[in-house]
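Spelled out, the chains give:
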Amino acid sequence: MMQSTKLAIRLPRAFRASVALCAIALAIPAPASALQQFVVVRKTGQASSYTSHAKLTTGVQAACSDESVAFAFTVEPREGAVLELERGSAASRDVLLDVSLSCSSLSGTAVIPFDAGGGTAVRGTDYLSIPGMAVLDLSAALQNPGASAPVSASVRINVLDNPQAGSAAVTLSVVRREGSFQGQWPGGSPVVGAIPASNDPIVAVTIAGSVTIHDAAEIVPGIDRAASEISIATTEFCRGNGGGAGRAGCSATQRAADLIADPSTPIAVRDAATTVLENNLLAIAPDETTALAFIAPRLASGQRDNLAQRLTAMRGGDQGGRLSAAGLTVLSNGFPVSLSALPAILGVDDEESASNEEQRTLLGGTRLGIWINGTVGSSERDRRNANAGFDSDTWEVTSGVDYRFSDRFFAGAALGFSHLGLDFEDDQGSLDVDARSLHGYAGYSLPNGISFDGSLSYMRSDYAQRRTIELLALSADGTGYNSLGRDIARGDSTVNQYSGSLGMTWTYMRDTWTFAPQAQFSMLRTVYEAFRETGPSEFNLRYNERRGTGNSLSVGTYVDRAFATSVGAFRPYGRFLYFADRGKSKDLLAEFVLPNDNGSHTPISFSMNEPDRRYGTGELGLAFSRPIGTRTVDFNVGYMQMLSFADFDRWALRFDVRFPL
């Protein structure tokens, strides 16, 4: 190709011959991009440029021997004449050009500017560019002809993310813009002139349309919901200006996405790429962290249930004259004996015991008592939508002191401690929780068997989460994959919970049977403090503070039957409750720890699964009371099973002991 202005002078025969040779060479089909551009500026101010995929050595020599030439220079791309950029992963590039002065017959300087343009790419939509220039010292060729060092020029191309571009590729070129020169001829005459621009591409640039990670996730059939949800944030994080751009995990995931979206990808490669993409997105997704919002209410309700055990025992202390100890009998040597005679049979009715101990109230011992109860259990939750599944073990202990101010009214205070150890399914990490709680409670009974109780509680829990992030990368041939390493994202959080409950029970006794229909309304407010993960992974997250409120209504019944023996009274019991919960699980809000180029952090909004709001519990157990002197020690043990809770199974062993003081 040749751009030339019409010459005003007749050129020497040798130069005309060299131009003819160049024209013949340029007539041969060649790539659109040039390896070298040769520019000749004549003393008349006219200029010509020649581009070729081969060096124009002969033409340069011929031009420089022509007395009508003021100066000449060559332009060559330093890193090749063809460049491909991709939206997202390779979003910017500095294109380096070497400009060499071939010859000069004047002293002065020449400014040679370059920029990007042309093609199908649209400036401001597909790309932005920063022009560059080279400044040539024209005097150098006079002092040392043919030995001038190249001068560097750089054009920066920034590729813009264009959501409308899809997978279509666009093109542009690095070209020479209009320049200028100024100086003096050997005789001292000043000269100023322009160097016409050329649209011949020095470097041909293609911006490949990139299929995003989210695009690929959308076309994978049956992809896990957690992987699908995190794909949008991962796409933003892995873009050219994102915090993860160019890192191994982002590059491996993007490569898998490109292969999935390419219709020509072989089936074996597509299958491997699908595995890599889904695995990496699941590893990045904070589906394990959603367990915090599921576990926290369960821990609070566990302590509340322990307290309810104690309230049940206290409500049974006064039955409004409906229960007489003498009405329960045992067999001793074949003869019926009243339960009221048990202290004498057991040898604990001596005068010393009677004089040293406070008189018992009804059946339950003295007015002041210390008690302890607890729960040991396990639970299992299946993976549900975007929330992780897990197995957990829990133990909860509650201990307190209460006082019966009258046969109708009692009040007390208690401390609780809970521990939960949880392992996420598929070896994806763990969660350990230590919780401490403080309770205040009271109750009042009416003569007709109806009683009311209430409690206020505060719980503070320390959560230690270990989230496994193991990313995969495709092998060189794309048919297999290997691990990029198993990183652990560690995060410690604190959860504060405030709750209150009101309950009502009607106790009805007939012979040795006790029936107690009951209802309870509870409210819970939970504050999840913000926390940040640490570890070697580029996909560590930091989580915003979250607040949640909820309430629960439970209705059910308690039933037992008393059997008196020579060692004490046994009461097999059953408790069955139905729960109707209300509340809203707000989305989990977080952001990647690594900042983007502009200092911001890529946000994440991850859906929280709504837990089952309608479920039940069933408990079967055995209570035992034994008089010791004028006191009675009570002991209960039971087995509890959660019923009809979708994708969640929980069981527990419970115990309760009261020691009258």
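Residues numbered from 1 in each chain as written. Predicted model: local features only at pLDDT ≥ 70, side-chain atom pairs only at ≥ 80, totals over all residues. Heavy atoms only, no water.

*Asks:* How should I be thinking about the packing of aromatic side chains in this particular structure?
*Replies:* Given two aromatic rings, their pairing is described by the distance between the two centres and the angle made by the two planes. Per the counting criterion, the structure on display carries 23 aromatic pairs. Ring centres 6.0 Å apart and planes at 90° place the aromatic pair Phe294 and Phe645 in the edge-to-face group. Of this pair, Phe294 sits in helix 8 (residues 291–315) while Phe645 sits in the loop between strand 33 (631–643) and strand 34 (648–660), placing them 351 residues apart in sequence. Both residues of the pair, Phe294 and Phe645, count as buried. Centroid distance Trp506 to Tyr508: 5.6 Å. Interplanar angle 25°. Geometry classified as stacked. Looking at Trp506, the relative accessible area reads 40%, which means it is partly exposed. Looking at Tyr508, the relative accessible area reads 28%, which means it is partly exposed. In this structure an aromatic cluster arises from ring pairing among Phe294, Phe390, Phe579, Tyr615, Phe645 and Phe648. (Phe/Tyr/Trp six-rings, centres within 6.5 Å; stacked < 30°, edge-to-face > 60°. Helix = DSSP H or I, 4+ residues; strand = E, 2+ residues; numbered from the N terminus. Buried < 20%, exposed > 50% of the residue type's maximum accessible area, 1.4 Å probe, protein only.)

*Asks:* What exactly am I supposed to notice about the side chain of Asp115 here?
*Replies:* Tracing the backbone shows Asp115 in strand 7 (residues 107–117). Residue class for Asp115 comes out buried when judged on its relative accessible area of 11%. A distance of 2.9 Å separates polar atoms of two side chains, one belonging to Asp115 and the other to Ser129. Not counting the four nearest positions on each side in its chain, Asp115 is found in contact with Arg123, Ser129, Pro131, Val155, Ser173, Val174, Val175 and Arg177. (Polar contact = N/O pair within 3.5 Å; in protein donor to acceptor, adjacent residues only side chain to side chain. Contact = heavy atoms within 4.5 Å.)

*Asks:* How do you make sense of the state of the cysteines when you look at a structure like this?
*Replies:* Here is the idea: a disulfide is a covalent bond, and it sits between the sulfur atoms of two cysteines. One pass over the structure, following the stated rule, counts two disulfides. With a sulfur-sulfur separation of 2.3 Å, Cys64 is cross-linked through a disulfide to Cys103. The sign of the S-S torsion, about -85°, decides the handedness of the disulfide formed by Cys64 and Cys103: left-handed. Within this pair, whereas Cys64 is found in helix 2 (residues 57–64), its partner Cys103 is found in strand 6 (residues 92–104), the two being separated by 39 residues in sequence. (Disulfide = S-S within 2.5 Å.)

*Asks:* How should I be thinking about helix 6 (residues 248–261) in this particular structure?
*Replies:* Along an α-helix, a turn takes 3.6 residues, which lines up residues three or four apart on a common side. The terminal C-alpha atoms of helix 6 lie 20 Å apart, and with 14 residues this matches the ideal 20 Å at 1.5 Å per residue to within 8%. Listing the buried residues of helix 6 in full gives Gly249, Cys250, Ala252, Thr253, Gln254, Ala256, Ala257 and Ile260. The elements touched by buried residues of helix 6 are strand 5 (82–86), helix 4 (213–219), helix 5 (225–238), helix 7 (267–284), strand 21 (450–474) and strand 22 (481–506). (Expected span 1.5 Å × (residues − 1).)

*Asks:* Explain the side chain of Asn636 here, please?
*Replies:* Following the sequence through the fold, Asn636 ends up in strand 33. Since its relative accessible area comes to 13%, Asn636 is described here as buried. Not counting chain neighbours up to four residues away, the residues in contact with Asn636 comprise Arg571, Leu622, Ala623, Phe624, Arg654, Phe655 and Asp656.

*Asks:* Please clarify how helix 5 should be interpreted in this entry.
*Replies:* Between its terminal C-alpha atoms helix 5 stretches 20 Å, which fits the 20 Å expected from 14 residues at 1.5 Å a residue. Approximately 40° is the largest bend angle found in helix 5, and it occurs at Ser231. Within helix 5, burial applies to Ala226, Ala227, Ile230, Ser231, Ala233, Thr234, Thr235, Phe237 and Cys238. Where helix 5 is buried, its residues touch helix 4, helix 6, helix 7, strand 30 (588–592) and strand 31 (603–606). The N-terminus of helix 5 is capped by Asp224, whose side-chain oxygen sits 2.8 Å from the backbone nitrogen of Ala226. (Bend = angle between axes of the 7 residues up to and from the residue.)

*Asks:* What should I look at first to understand the confidence of the model for the protein chain in this one?
*Replies:* Taken residue by residue, the protein chain gives an average pLDDT of 82. The fraction at 70 or more is 83%. Throughout residues 1–33 the model reports pLDDT below 50, and contacts reaching past four residues in sequence, or to other chains, amount to 49 contacts. Every residue in residues 317–365 scores below 50 in pLDDT, and together they form 82 contacts with partners more than four places removed in sequence or on other chains. (pLDDT = per-residue confidence, 0-100.)

*Asks:* Whenever I open this one, the sheet that holds strand 25 (residues 531–532) confuses me. Can you help?
*Replies:* Strand pairing in a sheet takes place through backbone hydrogen bonds and is either antiparallel or parallel in direction. One open sheet accounts for four strands, arranged 25-26-30-31; its pairing is antiparallel. Unpaired on one side and paired on the other, strand 25 and strand 31 mark the two borders of the sheet. Where strand 30 lies against strand 31, four bridges are found, and the strand directions are antiparallel. Residue pairing for strand 31: Leu588 is matched across the bridge by Phe606. (Pairing = 2+ DSSP bridges.)

*Asks:* Before we go on, may I ask you to explain the pattern of salt bridges in this structure?
*Replies:* Two side chains with opposite charge may pair up if their charged atoms get near one another. Throughout the structure, instances matching the rule amount to 20 salt bridges. When the shortest N-O distance is used, the salt bridge between Arg436 and Asp462 registers 2.8 Å. One end of the pair, Arg436, is in strand 20 (residues 429–445); the other, Asp462, is in strand 21, with 26 residues separating them in the sequence. Since its relative accessible area comes to 31%, Asp462 is described here as partly exposed. In this structure, Arg486 engages Glu470 in a salt bridge whose closest nitrogen and oxygen atoms are separated by 3.1 Å. Here Glu470 lies in strand 21 and Arg486 lies in strand 22, a separation of 16 residues in the sequence. Glu470 gets classed as partly exposed once you look at its relative accessible area, which sits at 26%. If you follow the salt bridges from partner to partner, you end up with Asp305, Arg575, Glu619 and Arg654 in one network. (Salt bridge = Lys/Arg side-chain N within 4 Å of Asp/Glu carboxyl O.)

*Asks:* Mind showing me how you'd approach the pairing of strand 10 (residues 151–159) here?
*Replies:* Taken together, the eight bridges between strand 6 and strand 10 define a ladder with antiparallel strand orientation. Bridge pairing links Asp94 to Arg156 in strand 10. In this structure, strand 8 (residues 127–130) lies alongside strand 10, joined through four bridges in antiparallel fashion. Its bridge partner lying in strand 10, Ile130 is registered against Arg156.

*Asks:* Explanation requested: the pairing of strand 2 (residues 36–42) in the structure shown.
*Replies:* Across a regular strand the side chains alternate sides, sitting on one face of the sheet and then on the other. With respect to burial, strand 2 is a largely interior element, seven of its seven residues being buried. Side-chain alternation along strand 2 places Gln36, Phe38, Val40 and Arg42 on one buried face and Gln37, Val39 and Val41 on a second face that is also buried. Relative to strand 3 (residues 47–52), strand 2 runs antiparallel, the two being bridged by six bridges. Pairing of Phe38 across the sheet is with Tyr50, part of strand 3. Between strand 2 and strand 3, which pair antiparallel in sequence order, lie four residues; one of them, Gly45, sits at a positive phi of approximately 95°. The pairing of strand 2 with strand 4 (residues 69–77) spans six bridges and is classified as antiparallel. Considered in strand 4, the bridge of Arg42 is made with Val69.

*Asks:* Could you clarify how one ought to interpret the environment of Ala285 in this entry?
*Replies:* When you line up the elements, Ala285 lands in the loop between helix 7 and helix 8. Measuring from C-alpha to C-alpha, the distance between Ala285 and Ile469 comes to 9.1 Å, with 184 residues separating the pair along the chain. Every residue in contact with Ala285, bar those within four places of it in the chain, is listed here: Ala226, Ile230, Arg467 and Phe606.

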